[in-house]
Amino acid sequence: MSLELFNHAVQLADVPDPKTGDAPGPLKDKVTLVLGILAWAGTAAGVAGVLITGSMMAVSLKRGESSEHMSRLGMVLGGCVLVATAGPLVNFVFN
């Protein structure tokens, strides 16, 4: 094996320049699709969480049981706020 082989650069693929900040078009489209699906799923989970917590509150009120549903409702609503503000929050931090 010759040492001359190590002196030559072999380029196997075009490497994108990270300084430009733009992802390739197909990758950007796929990431946008996945993030859209995750945002939709997070919103659906938040709505389901509020409905389930409200149902549990109604059933326990009818039974006369006291329970800590308000803390559960607070956690669900906090999650809803986090999902709703995730995009703008990340955009604010990284721009």
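For the structure itself, consult the block above.
A brief structural summary. Given the structure is predicted, the values throughout are model-derived calculations rather than measurements.

Quick word on helix α2 (residues 69–94)
- The first and last C-alpha atoms of α2 sit 37 Å apart over 26 residues, in line with the 38 Å expected at 1.5 Å per residue.
- Ala86 marks where α2 bends most, by close to 50°; the proline Pro88 follows one to four residues later.
- Buried residues belonging to α2 abut α1 (25–63).

Describing the side chain of Ser60
- Relative to the helices and strands, Ser60 resides in helix α1.
- The class of Ser60 is buried, set by a relative accessible area of 7%.
- There is a polar contact of 3.2 Å between the side chain of Ser60 and the backbone oxygen of Met57.
- The contacts of Ser60, once residues within four sequence positions are left out, are Glu65 and His69.

Points about the packing of α1 against α2
- With their axes 9 Å apart at the nearest point, α1 and α2 run at an angle of 165° to one another. Considering their axes alone, α1 and α2 lie roughly antiparallel with respect to each other. Note that α1 runs across α2; the crossing there is left-handed. Along the contact surface, α1 presents Ala39, Gly42, Thr43, Gly46, Gly49, Val50, Thr53, Met56, Met57 and Ser60, while α2 presents His69, Met70, Arg72, Leu73, Val76, Leu77, Cys80 and Val83.
- Looking at the contact of α1 with α2, its residues break down into 10 nonpolar, 7 polar and 1 charged.

Describing the environment of Met56
- One can find Met56 in helix α1.
- What makes Met56 partly exposed here is its relative accessible area of 35%.
- Each C-alpha atom of the pair Met56 and Ser67 lies 9.4 Å from the other, and the pair is 11 residues apart in sequence.

Basis of the calculations
Sequence order as written defines residue numbering, which begins from 1 separately in each chain. Two thresholds apply to this predicted model, a pLDDT of at least 70 for residue-level local features and 80 or more for giving and counting side-chain atom pairs, whereas whole-chain, interface and lining totals are computed over all residues. As a rule here, side-chain values come from all non-hydrogen atoms in the structure, and water together with hydrogens is ignored. Secondary structure follows DSSP: runs of H or I at least 4 residues long count as helices, runs of E at least 2 residues long count as strands, and numbering of each begins at the N terminus. Helix span, as expected, comes to 1.5 Å for every residue beyond the first. Bend, at a single residue, is the angle you get between axes fitted to the 7 residues ending at that residue and the 7 residues starting at it. Contacts are assigned to residue pairs that have any heavy atoms within 4.5 Å of one another. Only protein chains enter the accessibility calculation, which uses a 1.4 Å probe; a residue whose area is less than 20% of its type maximum is buried, one above 50% is exposed, and one in between is partly exposed. Polar contacts, as used here, are pairs of N or O atoms within 3.5 Å; protein pairs need one atom able to donate a hydrogen and one able to accept it. Residues neighboring in sequence count only if both atoms are side-chain atoms. Axis angles are defined between N-to-C directions and span 0 to 180 degrees, where every axis is a line fitted to C-alpha atoms and, for a helix, only to the segment in contact. Here the word oblique covers every angle except those under 35 degrees (roughly parallel), over 145 (roughly antiparallel) and from 65 to 115 (roughly perpendicular). Here a crossing is called left-handed whenever its near helix is offset anticlockwise from the far helix by less than a right angle, and right-handed whenever the offset is clockwise. Residue polarity is assigned by list, with Asp, Glu, Lys and Arg as charged and Ala, Val, Leu, Ile, Met, Phe, Trp, Tyr, Cys and Pro as nonpolar; anything else, Gly included, falls into the polar class.

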